[in-house]
Amino acid sequence: MKTFHRCLGTLLVAILAGAGLIGCASTNNTPAVGVGADGKVQNPLQLLGQLPLPPGAMIRAEQSLIIGAGDNWVGRVVFDVGRDFDGAYRFFLETYPAQGWTVVSAVRGKNSFMVMTRQERTATFEMVDGGMWAGSVVAMTMAPRNAAVMVPKKP
């Protein structure tokens, strides 16, 4: 019985210590701009400028990194597009070129990729088809088109 109480005591101390560390790590509980209490982005245009998203798309704020806002943001935004993967693929392939984006490359499959450019920006879309039972996910990366690329030097 002493072993049980010792194990229980050790487990309780570990749980309390872990909770204390988590509390120290999260000093600012204020969500990022545009993210509501439910974790959903309230106004995507506030963050992404005039870049449209497929109907019903929901941004995964915890998996996204958006630097800046409006039409000059850079980074990566991840969002769910539901079960209509084909509709989402068509949406990007039709809507973005209509707004002046040029398709550089497009690969269609279970994991699809698209690269588009407009003026001095490059948008890369990585789309994963979730199939019939799961929702599909899109990761859109936005970067400057002619960013200086530094080649790593051998030590």
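Residues numbered from 1 in each chain as written. Predicted model: local features only at pLDDT ≥ 70, side-chain atom pairs only at ≥ 80, totals over all residues. Heavy atoms only, no water.

Enquirer: Please provide a residue-by-residue account of the overall build of the protein, values included.
Expert: Broken down by element type, the protein carries three helices and seven strands. Listing each helix as α and each strand as β along the protein from the N terminus yields α-α-β-β-β-α-β-β-β-β. Burial statistics for the protein: of 155 residues in total, 28% are counted as buried. Excluding contacts between residues fewer than 6 apart, the proportion of contacts in the protein whose partners are at least 24 apart in sequence is 38%. (Helix = DSSP H or I, 4+ residues; strand = E, 2+ residues; numbered from the N terminus. Buried < 20%, exposed > 50% of the residue type's maximum accessible area, 1.4 Å probe, protein only. Contact = heavy atoms within 4.5 Å.)

Enquirer: Now, about the environment of Arg121: what can you tell me, with residues and values included?
Expert: The topology assignment puts Arg121 in strand β6 (residues 121–128). Judged by relative accessible area, Arg121 falls into the buried class, the value being 16%. Residues Arg121 and Trp101 lie 20 residues apart in sequence; the distance between their C-alpha atoms is 9.3 Å. Filtering out sequence-adjacent residues up to four positions away, Arg121 remains in contact with Asp71, Asn72, Trp73, Trp101, Met116, Met142, Ala143 and Arg145.

Enquirer: Account for helix α3 (residues 85–98), naming residues and giving values.
Expert: Taking 1.5 Å of rise per residue, 14 residues should cover 20 Å, and α3 covers 20 Å from first to last C-alpha, within 8% of that figure. Along α3, the residues classified as buried are Phe85, Gly87, Ala88, Tyr89, Phe91, Phe92 and Tyr96. Among the structural elements, β3 (74–82), β4 (102–107), β5 (111–118), β6 and β7 (136–144) are those in contact with the buried residues of α3. Trailing α3 by a residue or two, Gly100 shows a phi angle of about 100 degrees, which is positive. (Expected span 1.5 Å × (residues − 1).)

Enquirer: Let's hear about the nonpolar core: which residues, and what values?
Expert: Core analysis: the largest hydrophobic core is formed by 23 residues, its most contacted members being Leu51, Phe79, Phe92, Tyr96, Phe125, Met127 and Met140. With six residues, the single largest contributor to this core is α3. Sequence-distant contacts of Phe92, that is, excluding residues within four places in its chain, are made with Pro52, Pro54, Phe79, Pro97, Met114, Met116, Phe125, Met127 and Val138. (Core = buried A, V, L, I, M, F, W, Y, C linked by side-chain atoms within 4.5 Å.)

Enquirer: Describe the environment of Trp73, naming the residues involved and giving the relevant values.
Expert: Its location among the elements puts Trp73 in the loop between β2 (65–67) and β3. A relative accessible area of 0% means that Trp73 is categorised as buried. On a C-alpha basis, the gap between Trp73 and Arg121 in space is 10.0 Å, while along the polypeptide they are 48 residues apart.

Enquirer: Lay out the packing of aromatic side chains with the relevant residues and their values.
Expert: One pass over the structure, following the stated rule, counts six aromatic pairs. When the centroid spacing of 5.4 Å and the interplanar angle of 85 degrees are considered together, the rings of Tyr96 and Phe125 count as edge-to-face. Pair noted here: Tyr96 is in helix α3 and Phe125 is in strand β6, with a separation of 29 residues, a long-range link. Looking at Arg108, its charged tip hangs above the ring of Tyr89, at a distance of 5.0 Å from the centre. (Phe/Tyr/Trp six-rings, centres within 6.5 Å; stacked < 30°, edge-to-face > 60°. Lys NZ or Arg CZ within 6 Å of the ring centre and 35° of its normal.)

Enquirer: Run through the pairing of β6, naming residues and quoting values.
Expert: Sheet topology note: the β5/β6 ladder contains eight bridges and is antiparallel. Note that in β6 the partner of Ser112 across the bridge is Met127. (Pairing = 2+ DSSP bridges.)

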